[in-house]
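# Structure at a glance
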Amino acid sequence: MSAQKGRATVKERAELALNDEFLVKAVKFTTERLRNGKKNASAEHGNWDEWRERGRQIRLHTIAHLDYYLNLFVDNARANGVHVHFADKGEDAVAIAMDIAQRKAAKTVVKSKSMVSEELHLNHALEQIGVEAIETDLGEYIIQLAGEMPSHIVIPAIHKNRYQIADLLSEVAGEKLEADTTVLAGFVRKKLREKFLEADIGMTGCNFAIAETGSMVLFENEGNARMVTTVPKTQITLMGMERIIPSFEDLEVMATLLPRSATGQKLTMYMSAITGPKRTADADGPEEMHIIIVDNGRSLQLGDPEFQELLNCIRCGACLNACPVYRHIGGHAYGSTYSGPIGAVLTPALNKNVAEWDDIANASSLCGACYEACPVKIPLHEMLIYLRRRKVETGNGKAVETAGMKGFAALTGSSAAMKAALAIGKIGQRLVVRGGEIRTKLGPLKGWNSYRVTPSLPRRSFRDRWEKLDREMDANRPQMAPDMKRRMEQIVKERGQGGGGHGGH
């Protein structure tokens, strides 16, 4: 089904976002702060491009040998006492998590650091069987109360201000809370601490999984992930199958790249490496630990020369902060769990459904800012072009667009046709040109001129001026000596004859 049937398009959602004055200001302010933080942190670190290349090589190597490292990780995790499950599809992962919750007769699940659970819509599934799922990351908790999706990978409530947050938390508190960040954070801290103590299951995502030890690693700034992984008796980790890295030595590189790229920090406040459930001598930790390794479309990229590098992503969100489109419209306009440039590629790639998401790849200027920001050098701007091509190749292109491209090809393929079109355009534009600019919002110019202006065609184009310029350059060009010219002509002639001779064999 096309994106235009049954749901709003990216363009329609973007128009709603652009008309939300607060959202536009909030997203611009926060992404600018994150972008500047990354710029300063990477410059201070030094040799940033060398570290990026090292990170890229680690990810390329790991994904190229993913089967080996996954098997090594699973063997080591099981040796540590972890129950490891594989989920081919999203619904399989949900079913495994629900089965664990039911076997434990769980009533509450506290969660942290898990975009994968958002991808699987796991909270809703747990609610269906009477299990309360509570997000404990502050931003995730806020949008859970609002009944919304994350609008940013790192800062999911980027589009909310403290007054809106105060209204949401006041409903939970049963009293009016002051719109003061200290007051609001204090209320959430107290509320969630109660949830930590009574929770039956702790659920997390996984920033990185260490193959050599079977450990899973979490990066965070709030400390709640440590509560989630130590207080409840049962822990479930949802892990995208590509989250593997070979060793703790490789983790050093990622621990340098990820926080600087995400928030401009040298290090996150907390980095936890969890290697199996609680041991006899441990003071805390889960008695039972499960890791659900999720495919859900990821393996479709393996062996694909255009999209395999998509699996290199470390979910830092730097591409969102750099993207001029995201910085104007925010994350909800993308219509899926993952937004920004990474979401525009990842969503159709995971679903292997260009038709359903046939408009999302167009939500980009193809400026390449996402590639420049990416700590592991994923060429997202090129992948967006590949998606656009596949859209056309699968018959999902717009008829008007296809006809327009054919007309453009015919026009630019003939110098005579191009010259005639420019001559007609110069005459026709007189009706709409004012001060050297075309501002009318009619026909195909409506979308463009709603936010910018179209420059008018010049009286004399470069093509018109070329003949005179060529003569001037030729007059000033040093002349080749006659004998040298004859030798060059002879060489060219011999090469032409030789090429023809070889071609005949």
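Per-chain numbering applies: the sequence of each chain, read as written, is numbered from 1 onward. With pLDDT at 70 or above as the cut-off, local features in this predicted model cover only qualifying residues; side-chain atom pairs require 80 or more to be listed or tallied, and sums for whole chains, interfaces and linings still use all residues. Each side-chain value is worked out from all heavy atoms of the structure, with water and hydrogens disregarded.

Under an unreviewed UniProt entry, the name given to the protein is LutB/LldF family L-lactate oxidation iron-sulfur protein, and the organism recorded is Cohnella ginsengisoli.

What follows deals with the sheet that holds strand β8 (residues 244–245). Pairing between the strands of a sheet comes from backbone hydrogen bonds, and it takes one of two forms, parallel or antiparallel. Following DSSP output, two strands are said to pair if at least two bridges run between them. Helix numbering and strand numbering both begin at the N terminus, where a helix is a DSSP run of H or I of at least 4 residues and a strand a DSSP run of E of at least 2. Here four strands make up an open sheet; going across it, the order is β8-β5-β6-β9 and the pairing mixed. Of all strands in the sheet, those bounded by a partner on one side alone are β8 and β9 (270–274). Judged from the two bridges that link them, strand β5 (residues 208–210) and β8 form a sheet pairing that is parallel. Paired with Ile210 across the bridge in β8 is Ile245.

For this analysis, a salt bridge means a side-chain nitrogen from Lys or Arg found within 4 Å of a carboxyl oxygen belonging to Asp or Glu. Tallied over the entire structure, the rule returns 26 salt bridges. In this structure, the salt-bridge partner of Lys195 is Glu132, at a minimum N-O distance of 3.7 Å. Remark: Glu132 occurs in strand β3 (residues 132–135) and Lys195 occurs in helix α10 (residues 181–198); sequence separation between them is 63 residues. The structure contains a network of salt bridges with shared partners spanning Glu119, Glu242, Arg243, Arg298 and Arg315.

This part covers the domain arrangement of the protein. Partitioning the protein into domains gives domain 1 (2–300), domain 2 (399–459) and domain 3 (472–500). Domain ranges listed in this record stem from an automatic or a database domain assignment. On a C-alpha basis, the centres of domain 1 and domain 2 stand 48 Å from each other.

Below, the discussion takes up the sheet that holds strand β13 (residues 454–455). With antiparallel pairing, the three strands of this open sheet are ordered in space as β11-β12-β13. Looking at strand neighbours, the two that pair on one side only are β11 (433–434) and β13, the edges of this open sheet. In this structure, β11 lies alongside strand β12 (residues 437–438), joined through two bridges in antiparallel fashion. In the sheet register, Val433 faces β12, and the bridge partner there is Ile438.

Before going further, it helps to spend a moment on the pairing of strand β4 (residues 201–204). Two faces, one strand: in a regular strand the side chains alternate between the faces of the sheet. In β4, alternate side chains face the same way, and those of Ile201 and Met203 on one face and Gly202 and Thr204 on the other are all buried. Alignment of strand β2 (residues 108–112) against β4, held across four bridges, turns out to be parallel. By the bridge assignment for β4, Val110 is matched with Gly202. The pairing of β4 with strand β7 (residues 234–240) spans four bridges and is parallel. Of the residues in β7, the one forming a bridge with Ile201 is Thr234. Throughout, exposure labels follow a simple rule: accessible area from a 1.4 Å probe, protein chains only, divided by the maximum for the residue type, with under 20% read as buried, over 50% as exposed, and the rest as partly exposed.

Right, let's talk about the nonpolar core for a bit. For soluble globular proteins, the rule of thumb is that nonpolar side chains tend to be buried together. Formed by 37 residues in total, the largest nonpolar core has its most connected members in Leu310, Tyr334, Ile342, Val345 and Leu380. The element best represented in this core is helix α15 (residues 340–351), accounting for six residues. Every residue in contact with Leu380, bar those within four places of it in the chain, is listed here: Leu310, Cys319, Pro341, Ile342, Val345 and Cys370. For our purposes a nonpolar core is just a set of buried Ala, Val, Leu, Ile, Met, Phe, Trp, Tyr and Cys residues, chained together by side-chain atoms within 4.5 Å. Contacts are assigned to residue pairs with any non-hydrogen atoms lying within 4.5 Å of each other.

To continue, consider unusual backbone geometry. The backbone phi angle of His121 is positive, close to 55°, even though this residue is not glycine. A positive phi is found at Arg315, a non-glycine position, where the angle reads about 55°. Tracing the chain through its elements places Arg315 in the loop between β10 (288–294) and α13 (318–322). For Arg315, a relative accessible area of 16% translates into the label buried.

Let us look at helix α4 (residues 66–79). What a helix is expected to span follows from its residue count: subtract one and scale by 1.5 Å. Here α4 is 14 residues long and its end C-alpha atoms lie 20 Å apart, about the 20 Å a rise of 1.5 Å per residue gives. Along α4, the positions that sit buried rather than exposed are Leu66, Tyr69, Leu70, Phe73, Val74 and Ala77. For α4, the angular spread of the buried residues around the axis is 135°, confining them to a single face. Away from the buried face of α4 by more than 90 degrees, exposed residues Asp67, Tyr68, Asp75 and Ala79 are located. One or two steps after α4, the chain reaches Gly81, where phi turns positive at roughly 95°. Arc definition: it is the arc formed by the directions from the helix axis to the C-beta atoms.

To continue, consider the packing of aromatic side chains. Pairing of aromatic side chains requires ring centres within 6.5 Å, counting the rings of Phe and Tyr and the six-membered ring of Trp. Pairs whose planes differ by under 30 degrees are stacked, by over 60 edge-to-face, and all others tilted. Taken as a whole, this structure holds five aromatic pairs when the rule is applied. Where Phe208 meets Phe219, the ring centres are 5.8 Å apart and the plane angle is 70°; that geometry is what we call edge-to-face. Of this pair, Phe208 sits in strand β5 while Phe219 sits in strand β6 (residues 215–220), and the two are 11 residues apart along the sequence. Of the two residues, Phe208 and Phe219, both sit in the buried class. Taking 6.1 Å as the distance between ring centres and 80° as the angle between the ring planes, the aromatic pair formed by Phe307 and Tyr386 counts as edge-to-face. Separated by 79 residues along the polypeptide, Phe307 in the loop between β10 and α13 and Tyr386 in helix α17 (residues 380–393) bring together distant segments of the chain.

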